[in-house]
Amino acid sequence: MVLTSHSFSAGDPVALADAFRVRLMGMLRSYRDRPIPRAWIDVPYGEEEITLLEEELLPVLNQVLARINEIDAELENRHEPGEAA
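Residues numbered from 1 in each chain as written. Predicted model: local features only at pLDDT ≥ 70, side-chain atom pairs only at ≥ 80, totals over all residues. Heavy atoms only, no water.

Notes on the side chain of Asp-12
Working step 1: Tracing the backbone shows Asp-12 in the segment before helix 1 (13-30).
Working step 2: Buried within the structure, Asp-12 lacks any salt-bridge partner; Arg-21 is the closest side chain of opposite charge, at an N-O distance of 13 Å.
Working step 3: For Asp-12, the side chain forms a polar contact with the main-chain nitrogen of Val-14, separated by 2.8 Å. (Helix = DSSP H or I, 4+ residues; strand = E, 2+ residues; numbered from the N terminus. Buried < 20%, exposed > 50% of the residue type's maximum accessible area, 1.4 Å probe, protein only. Lys, Arg positive; Asp, Glu negative; His and termini not counted. Salt bridge = Lys/Arg side-chain N within 4 Å of Asp/Glu carboxyl O. Polar contact = N/O pair within 3.5 Å; in protein donor to acceptor, adjacent residues only side chain to side chain.)

Here we look at the packing of aromatic side chains
Aromatic ring pairs are described here by two measures, namely the spacing of the ring centres and the angle between the planes.
Working step 1: One pass over the full model with this rule turns up zero aromatic pairs.
Working step 2: Sitting above the plane of the Tyr-31 ring, Arg-34 keeps its charged end 4.4 Å from the centroid.
Working step 3: One Lys or Arg, Arg-38, reaches over the ring of Tyr-45 and ends 4.5 Å from the middle of that ring. (Phe/Tyr/Trp six-rings, centres within 6.5 Å; stacked < 30°, edge-to-face > 60°. Lys NZ or Arg CZ within 6 Å of the ring centre and 35° of its normal.)

A closer look at a negative patch on the surface
Working step 1: Side chains of Asp-33, Glu-47, Glu-48 and Glu-49 sit close together on the surface and give a patch of like negative charge.
Working step 2: In this structure, Asp-33 sits in the loop between helix 1 and helix 2 (47-78). (Patch = residues over 30% accessible without salt bridge, like charges linked within 9 Å, V, L, I, M, F, W, Y side chains within 5 Å. Areas by Shrake-Rupley, 256 points an atom, 1.4 Å probe, with all protein chains shown as cover. Charge placed at Lys NZ, Arg CZ, Asp CG, Glu CD.)

Considerations on the pattern of salt bridges
Working step 1: Counted by the stated rule, this structure contains four salt bridges.
Working step 2: Between Arg-67 and Glu-74 there is a salt bridge, with the nearest N and O atoms lying 3.6 Å from each other.
Working step 3: For Glu-74, a relative accessible area of 41% translates into the label partly exposed.
Working step 4: Several salt bridges converge on common partners, so that one network encompasses Arg-67, Glu-70 and Glu-74.

Some details on a nonpolar patch on the surface
Working step 1: Taken together, Trp-40, Ile-41 and Val-43 make up a surface patch of nonpolar side chains, about 360 Å² in accessible area.
Working step 2: Counting through the fold element by element, Val-43 comes out in the loop between helix 1 and helix 2.
Working step 3: The exposure class of Val-43 is exposed, given its relative accessible area of 56%.

Structural notes on helix 1
Working step 1: Taking 1.5 Å as the rise per residue, helix 1 with 18 residues should run 26 Å; its terminal C-alpha atoms sit 26 Å apart, in good agreement.
Working step 2: Burial in helix 1 covers these residues: Val-14, Ala-15, Asp-18, Arg-21, Leu-24, Met-27 and Leu-28.
Working step 3: Buried residues along helix 1 sit in contact with helix 2. (Expected span 1.5 Å × (residues − 1). Contact = heavy atoms within 4.5 Å.)

Let's talk about the environment of Arg-67
Working step 1: With respect to the helices and strands, Arg-67 occurs in helix 2.
Working step 2: Only 3.1 Å separates the side chain of Arg-67 from the side chain of Glu-70, close enough to count as a polar contact.

Structure (structure tokens):
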């Protein structure tokens, strides 16, 4: 199963994680050449902080979502279609 934010109900925490990843990637792309304002501090994220988010945070989110896909696949393989979990 391919994990997308459109595959799950709004109450699904996995959908929330995937939606956050998609939104973060879009935000980082859209702010590439300008600072990202922060609501709770007076100093925006600059190029260095944006790079840290891209290089450190996005890979971790991708790993989490990839592991969830693995767990889902294992669960699906253990149960026949239509069988209750």
